[in-house]
Amino acid sequence: SNMSEINISIKSNLFFDLNPNDLKRKLGNKLTENTRKRFLKGESPEGTAWKSKGNDQPSNLRKRSHLMNSINFKINGDTIVIGTNKKYAKIHNEGGVITPKKGKYLYFKGDDGNLRKVTQVVIPQRKFLGLSNEDEKDIKKLTFSSFIIE
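Note that the coordinates shown come from a computational prediction; the quantities given were computed from them, not determined experimentally. (Residues numbered from 1 in each chain as written. Predicted model: local features only at pLDDT ≥ 70, side-chain atom pairs only at ≥ 80, totals over all residues. Heavy atoms only, no water.)

(A) Representation of the pairing of strand β6 (residues 115-118). Bridge count for strand β5 (residues 106-109) against β6 is four bridges, and the pairing is antiparallel. Counted as the bridge partner of leucine 106 is valine 118 from β6. (Pairing = 2+ DSSP bridges. Helix = DSSP H or I, 4+ residues; strand = E, 2+ residues; numbered from the N terminus.)

Encoded structure:
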C-alpha cells in the first residue's frame, strides 16, 4: 500500500463502559497534531533533527506543507492508524535512493530554477512517523482521564 503509517492498537475491552470511538478520535487527533508539530520542528519521533539541505535552508518538506497537511488518522476497529496517502511519504520517512525508471538520467529543477540532470538522487531519512515520548505521555494522559467519572 502507498499509505505510510503507524498503527496504535487500543484494546476496546479496556473501555467496555465508555464510548471507545470518542477516545479513539481524541487520540487520533492528538497524535496527528503531535506528528505535524514534529514536522514544524524538523525532528524524528526520537527527537533527532532532520538533515538540513546543507545551505542552512530547511528541507523542502518543511518549505511546502503538502506532506505535513496530509497527515491524518483513521480508526480500524481497535487500531488507530496515523499516516498519509502521499506516494512520496515513504522515501522521506525511511530515506533512500531514487534512480531513473527509463533512460539514464533524472531531470528536475534545482532550487536555483535551473534544470538538473543526475543519475540518482539520495533522499536522507527525515522520519516523521512513529511514537515519541510525548505521544506516549499523551496516550496515557488521555486514556487515564477517560476513566475519571464526572
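(B) Local environment of the environment of lysine 87. Within the secondary structure layout, lysine 87 lies in the loop between β3 (79-84) and α4 (89-94). Relative accessible area serves as the criterion here: at 67%, lysine 87 is assigned to the exposed category. Sequence separation between lysine 87 and leucine 67 is 20 residues, and the spatial gap between their C-alpha atoms is 9.7 Å. (Buried < 20%, exposed > 50% of the residue type's maximum accessible area, 1.4 Å probe, protein only.)

(C) Highlighting the side chain of asparagine 93. Relative to the helices and strands, asparagine 93 resides in helix α4. The contacts of asparagine 93, once residues within four sequence positions are left out, are Gln125, Arg126, Lys127, Phe128 and Leu129. (Contact = heavy atoms within 4.5 Å.)

(D) Looking closely at the nonpolar core. Counting residues in each nonpolar core, the largest one holds 16 residues, and the members touching the most others are Phe39, Leu67, Ile82 and Phe128. The contact partners of phenylalanine 128, leaving out residues within four places of it in the chain, are Thr35, Arg38, Phe39, Pro45, Trp50, Leu67, Ile71, Thr84, Ala89 and Asn93. (Core = buried A, V, L, I, M, F, W, Y, C linked by side-chain atoms within 4.5 Å.)

Everything listed here is a matter of coordinates, which is why it stays silent on function.
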